[in-house]
Amino acid sequence: KVVGWQDVTDDFPASAGPWDYHHHGTALASVVAGSGSVDVNYRGMAPGGRLTIVKYYDFDETWHAWAGDFLAACAWTLEHRDTYRVRTVLTAVNWDVDAGISTAMRAFVDAGVLPVAAMGNYGDDGSGPGFPASLPDVLTAGAANASGAVSAYSGRGLAGDNKPDLVAPGGGLLVSGGRVVAADIEPNDSYSGRVGTSIAAAHLAGAVYLLDEALLENGIVPLPNRASVKARQAVLRR
């Protein structure tokens, strides 16, 4: 399932990976491409999908997501996109400032790679989405609960910014709003209920994979250029 792996932090030697010492990455991978081999009820959106994992979250007594590490992860992914046949990139973190992130997302799109981002879990606080969620080149996911309503915590965006692009299952804060069950690393590599726009973005990334598979089955090969990415985005926004 994991065909490529890179850690741009200095947490562990590369030979030790892939690993996850936090549930977040494992949960997203499960939602995107879980095979259902343990429990068929919890298969991912694209159970036949293959994953290239690039770890940029750093742990030093506390969790850090440095923009520099994120940009290094983007650069590594772009450099190895042909090796691992990367056509979609999922990112579930946001920054208040650009810090070069728009340049990285533009490079992905120019190379035919579609970026998918989480809207953020700040609710309707008026600050709008951060980066990369706010960027027009990025397909951004908000979260919906079990009834199909926008989850209370899901970012709403600002007037005129057309974000999020889509909403997808992310679970609700209340028990009645449901939880999205995904793989967890503890206890005993079991399953746990999760909520968040990260989970919604993982559903959207899985949907992109299914779209690409459908295109290939019909003899349409997505080209490595901006026009191809924009066409795929347009289909998903309909």
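Some details on helix α4 (residues 101-110)
An α-helical turn contains 3.6 residues, so a residue and the one three or four places further along point in the same direction.
Point 1. For α4, the complete set of buried residues consists of I101, S102, A104, M105, F108 and V109. All buried residues of α4 project into a common sector of 160° when viewed along the axis, lining one side.
Point 2. Where α4 is buried, its residues contact α2 (67-79), β5 (88-91), β6 (114-118) and α6 (226-237).
Point 3. Directly beyond the C-terminal end of α4, a positive phi value near 85° is found at G112.

Section: the nonpolar core
Point 1. In this structure, V116 and L139 are the most contacted members of the largest nonpolar core, which totals 30 residues.
Point 2. In terms of residue count, helix α5 (residues 197-217) provides more of this core than any other element does, 9 residues in total.
Point 3. V116 has contacts with T88, V89, L90, T91, V138, L139, A201, L204, A205 and V208, leaving out every residue within four places of it along the chain.
Point 4. One finds A67, V86, V89 and W95 within the second-largest nonpolar core, a separate group that totals 20 residues.

Things to note about the environment of G17
Point 1. Along the polypeptide, G17 turns up in the loop between β1 (2-7) and α1 (23-33).
Point 2. In sequence terms G17 and L215 are 198 residues apart; their C-alpha atoms lie 33 Å from each other.

Side note on the packing of α2 against α4
Point 1. For the pair α2 and α4, interaxial distance at closest approach is 10 Å and the crossing angle is 15°. Taken together, α2 and α4 sit at an angle that is classed as roughly parallel. As α2 packs across α4, the resulting crossing turns out to be left-handed. For the pair α2 and α4, contact is made by F70, L71, C74, T77 and L78 and by I101, A104, M105, A107 and F108, respectively.

Brief notes about the packing of aromatic side chains
Point 1. For the structure shown, the criterion picks out 6 aromatic pairs.
Point 2. Between Y56 and Y57 the ring centres are 5.6 Å apart and the planes differ by 40°, which places this aromatic pair in the tilted class.
Point 3. For Y56, a relative accessible area of 11% gives the class buried.
Point 4. Considering the side-chain rings of Y56 and F70, the 5.2 Å spacing of their centres and the 75° angle between planes classify their relative orientation as edge-to-face. With a gap of 14 residues between them, Y56 in the loop between β2 (51-55) and β3 (58-59) and F70 in helix α2 connect regions that are remote in the sequence.

As for the pattern of salt bridges
Point 1. Enumeration according to the criterion identifies 10 salt bridges in this entry.
Point 2. Residue R87 is joined to D212 by a salt bridge in which the shortest nitrogen-to-oxygen separation is 3.6 Å. In this pair, R87 sits in the loop between α3 (81-84) and β5 while D212 sits in helix α5, placing the two residues 125 residues apart along the sequence.
Point 3. Looking at R87, the relative accessible area reads 23%, which means it is partly exposed.
Point 4. The partner of D165 in a salt bridge is K163, and the shortest N-O contact between them spans 2.8 Å.

Focus: unusual backbone geometry
Point 1. P132 follows F131 through a cis peptide bond whose omega is 15°.
Point 2. The phi angle at R85 is positive, at roughly 55°, despite the residue not being glycine.
Point 3. Relative to the assigned elements, R85 resides in the loop between α3 and β5.

Things to note about the side chain of T9
Point 1. Residue position: T9 is located in the loop between β1 and α1.
Point 2. Looking at T9, its side chain comes within polar contact range of the side chain of K55, at 3.0 Å.

Digging into the sheet that holds β5
Backbone-to-backbone hydrogen bonds pair the strands of a sheet. The strands run either parallel or antiparallel.
Point 1. Strands sit in the order β5-β6-β7-β8 across an open sheet of 4 strands; the sheet is parallel. Among the strands making up the open sheet, the edge pair consists of β5 and β8 (166-169). Across the sheet, the axes of successive neighbouring strands diverge by a mean angle of 35°, strand direction being ignored.
Point 2. Here strand β7 (residues 139-144) pairs with β8 via 4 bridges, running parallel. Bridge pairing in β8 places G142 opposite V167.

Calculation criteria
- Residues numbered from 1 in each chain as written.
- Predicted model: local features only at pLDDT ≥ 70, side-chain atom pairs only at ≥ 80, totals over all residues.
- Heavy atoms only, no water.
- Buried < 20%, exposed > 50% of the residue type's maximum accessible area, 1.4 Å probe, protein only.
- Helix = DSSP H or I, 4+ residues; strand = E, 2+ residues; numbered from the N terminus.
- Arc of directions from axis to C-beta.
- Contact = heavy atoms within 4.5 Å.
- Core = buried A, V, L, I, M, F, W, Y, C linked by side-chain atoms within 4.5 Å.
- Axes fitted to C-alpha atoms, helices over the stretch in contact; angles between N-to-C directions.
- Parallel < 35°, antiparallel > 145°, perpendicular 65-115°, else oblique.
- Left-handed = near helix turned anticlockwise from the far one by under 90°.
- Phe/Tyr/Trp six-rings, centres within 6.5 Å; stacked < 30°, edge-to-face > 60°.
- Salt bridge = Lys/Arg side-chain N within 4 Å of Asp/Glu carboxyl O.
- Polar contact = N/O pair within 3.5 Å; in protein donor to acceptor, adjacent residues only side chain to side chain.
- Pairing = 2+ DSSP bridges.

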